[in-house]
Amino acid sequence: MNRQMLSVLLVDDDPAMRDMFQMVMDHHHIDLTTVENAEMALDYLASNHPNVIILDLFLPGLDGYQMLRQMRKKALAPDARVVATTAYYTADTEQETLSGGFDGYLPKPIDANGIVPYLEALIS
Amino acid sequence: MTIPAKEPLTRALEAVPQANPIRGILLWFAPRSQNRDERFRESTVRVIIALVLAVMSLSFAISLFIYQDPWGLISFPTMNLVVLVFVVAAGVTVTRGNLDLAGWLIVIGSFAGVTMTHYILRSAAGDENNSAFISIPMFMFISLAATVLLQRRLIMLISIITVLAFGISEFLLSVDPSQANPMQIAGVVSFGVLLLVEGIILQTVRYEFDSRFEALDDAIRQEELAREQAETDRKRAEEADKAKSQFLANMSHELRTPLNAIIGYSDILVGGMAGELAPQPTRLLGNIQSNSRRLLSLINDVLDLSKIEAGRIEVFNAPLQPRKLITDTVESLRALAIEKSIALNVTISDDVPEVILSDGRKIAQILTNLVSNAVKFTSKGSVDVDVTADSAQWHIVVRDTGSGIPEQAMAYIFEPFRQADSTDARSHKGTGLGLAIVKALAESLNGEIEVNSIPNQGSTFRVSLPRAIPTEVGSVAPAANTSEAM
């Protein structure tokens, strides 16, 4: 898949994370929308269809798992790949997120140089 | 207080269904008292009431309908009725919870019965001496019964009453002492003495019995107290452990969030995503990057270890290919060896099974820690990874030609925050947690680790893991086959 066809939604309450993602995605000319909580993300998904959603697990209000359930229930962005990201993890978190319904796992700190290849591999 | 051994009644009750009316009768026999000593006395009283009730009813029926004994103030049917009245009264009393009175009622009822029987037998018999032999055991039996029916301090009193009752029944016979032969008087007196001696013996035995019982009771109570204390201590320690793990988990989250920004922004700068940089700032940023990554691995190790120490490590067993896992893991570490110009070799024996049931991530972590450790402590030569297998286990052996581990350090090499040479800690930039984590991980996989080392020649770490072959070779790994370990 072509890089320009990637459209990404980042749901994270950390402003630095949103800012960094914006810089990386701008550099690679990838379409990115950032929101800071699950409610805003659900609103956005009602009328938009990104093909990758990067979802922080610990959000104010609905957390990442709850948001994923809501999305599935309301059949929002059914084709999108959903990637869990978190700074709150142990050695077992990857296993837990993957068996919890996520398509990918990006522990923080994220690797700014590795994100784009990772996302491309994820949707191809 | 709990009763250690299961009482026969408890077993009987378990066998009877809830709705069965027999259950109600059985339940009546269960002692209500909480005190150990009293429970014993109470169940004896309840059982004796039931027994006497049955025997006396039968005896009453036999004396009336079979022997057709004549009614009279002192006769067998009357005697049976008197005993029955006392025993029924005792039954009512014990049901109402007055154990002492119930015991007394049984004893007094028995006295009345035995005294009357003695009198009847003595007056009916021509040979007066012989009939005394029949009633004497009955008098003695009352003293014996009193030892379990009444409090111990009353036993001597009962014996004296027994002697008196015996005397009175003899007196009631209105034998003229002047006409009695000396043998007869001697017999009566010696029976009285016999009853008194019996009382003394019974009381001594009961005191001895009780004091042993109390000692036992005390020991049990002490043991229970100790057990409760241990339980409380364990719970408290567990809570503290949980709190510690939770604190560390929260801490690492709080630390990783700013670290994410530091690492992320320096990656962006170094990657030229915010414009080209001059060589000098790039070099400085590289230092920021490598140091923040070190900080990150420290945070990760602390968290892993705290989770391991709290016993909350989870094992995800799945079929895996050990050859591929080992080769891939070692390859990912090759850059470290190249950087230090040392060889990194992998040899996998043909005995190693193609597929093994285990937790691949944990094995990879064990190998990563061991190999990066070996590389860290080796300045020239090689690091060799040998994988072998026997019928029960498979072994991952990591051998280096490094500085080795001093003799005195072998004892604590697997303890957290300890390195073989503490002055080395800075130059080797380690957290001192790697081997502690390796050991805990190996144990979580039911494996073990051992180390051999010769200073200045090198060290050999050998991890042995169970050779668990999945039942369906090549089957799809279950998503989350969790099992609690440690």
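This text goes with the structure placed above it.
The paragraphs below set out a description of the structure included in this document. (Residues numbered from 1 in each chain as written. Chains lettered and ligands numbered in written order. Predicted model: local features only at pLDDT ≥ 70, side-chain atom pairs only at ≥ 80, totals over all residues.)

**Some details on the nonpolar core**
Residues and elements named next belong to chain A.
Link 1 in the chain: Among the nonpolar cores identified, the biggest contains 36 residues, and Val8, Val11, Val52, Ile53, Ile54, Leu55 and Val83 are the most heavily contacted of them.
Link 2 in the chain: Of all the secondary structure elements, the ones that give two or more residues to this core are β1 (7-11), α1 (15-27), α2 (38-47), β3 (52-56), α3 (64-73), β4 (81-86) and α5 (115-123).
Link 3 in the chain: Residue contributions to this core peak at five residues, all from α1.
Link 4 in the chain: In contact with valine 8, other than residues within four places in its own chain, are Met25, Ile30, Asp31, Leu32, Pro50, Val52, Ile54 and Leu119. (Core = buried A, V, L, I, M, F, W, Y, C linked by C-beta atoms within 7 Å. Buried ≥ 20, exposed ≤ 12 C-beta atoms within 10 Å, placed from the backbone. Helix = DSSP H or I, 4+ residues; strand = E, 2+ residues; numbered from the N terminus. Contact = placed C-beta atoms within 7 Å.)

**Quick notes on the sheet that holds strand β8 (residues 458-466) of chain B**
Residue and element names in this part refer to chain B.
Link 1 in the chain: Strands sit in the order β3-β5-β6-β8-β7 across an open sheet of five strands; the sheet is mixed. One side of each edge strand has no neighbouring strand; the edge strands of this open sheet are β3 (343-348) and β7 (448-454). With strand direction ignored, the average angle separating the axes of adjacent strands in the sheet is 10 degrees.
Link 2 in the chain: Sheet topology places strand β6 (residues 393-400) next to β8; seven bridges connect them, and they run antiparallel. Following the sheet pairing, isoleucine 396 is matched in β8 by valine 463.
Link 3 in the chain: Sitting on the sheet, helix α12 (residues 360-376) touches β5 (382-389), β6 and β8, and the angle it makes with β6 is about 20 degrees. (Pairing = 2+ DSSP bridges. Axes fitted to C-alpha atoms, helices over the stretch in contact; angles between N-to-C directions.)

**Quick word on the interface of chain A and chain B**
Often the size quoted for an interface is simply the accessible area lost on bringing the parts together.
Link 1 in the chain: The interface of chain A with chain B comprises 20 residues on the first partner and 24 residues on the second.
Link 2 in the chain: Of all the secondary structure elements, the ones that give two or more residues to the side of chain A that touches chain B are α1 and α4 (93-99) of chain A.
Link 3 in the chain: The element contributing the most residues to the side of chain A that touches chain B is α1 of chain A, with six residues.
Link 4 in the chain: Looking at side-chain class alone, the side of chain A that touches chain B contains eleven nonpolar, five polar and four charged residues. (Nonpolar A, V, L, I, M, F, W, Y, C, P; charged D, E, K, R; others polar.)

**So, the pairing of β7 of chain B**
All names here are of chain B.
Link 1 in the chain: Relative to β8, β7 runs antiparallel, the two being bridged by seven bridges. For isoleucine 454, the partnering residue across the bridge sits in β8 and is glycine 458.
Link 2 in the chain: Hairpin connection from β7 to β8: three residues lie between these consecutive antiparallel strands, with asparagine 456 at a positive phi of about 65 degrees.

**Observations concerning the packing of α12 of chain B against helix α14 (residues 434-444) of chain B**
Residue and element names in this part refer to chain B.
Link 1 in the chain: Viewed as axis vectors pointing N to C, α12 and α14 meet at an angle of 150 degrees, and their least axial separation amounts to 9 Å. Taken as axis vectors, α12 and α14 run roughly antiparallel relative to one another. Judged by the sense of rotation from one axis to the other, the crossing of α12 with α14 is left-handed. Taken together, the residues of α14 that come into contact with α12 (itself represented by Lys362, Gln365, Ile366, Asn369, Leu370 and Asn373) are Gly434, Ile437, Val438, Leu441, Ala442 and Ser444. (Parallel < 35°, antiparallel > 145°, perpendicular 65-115°, else oblique. Left-handed = near helix turned anticlockwise from the far one by under 90°.)

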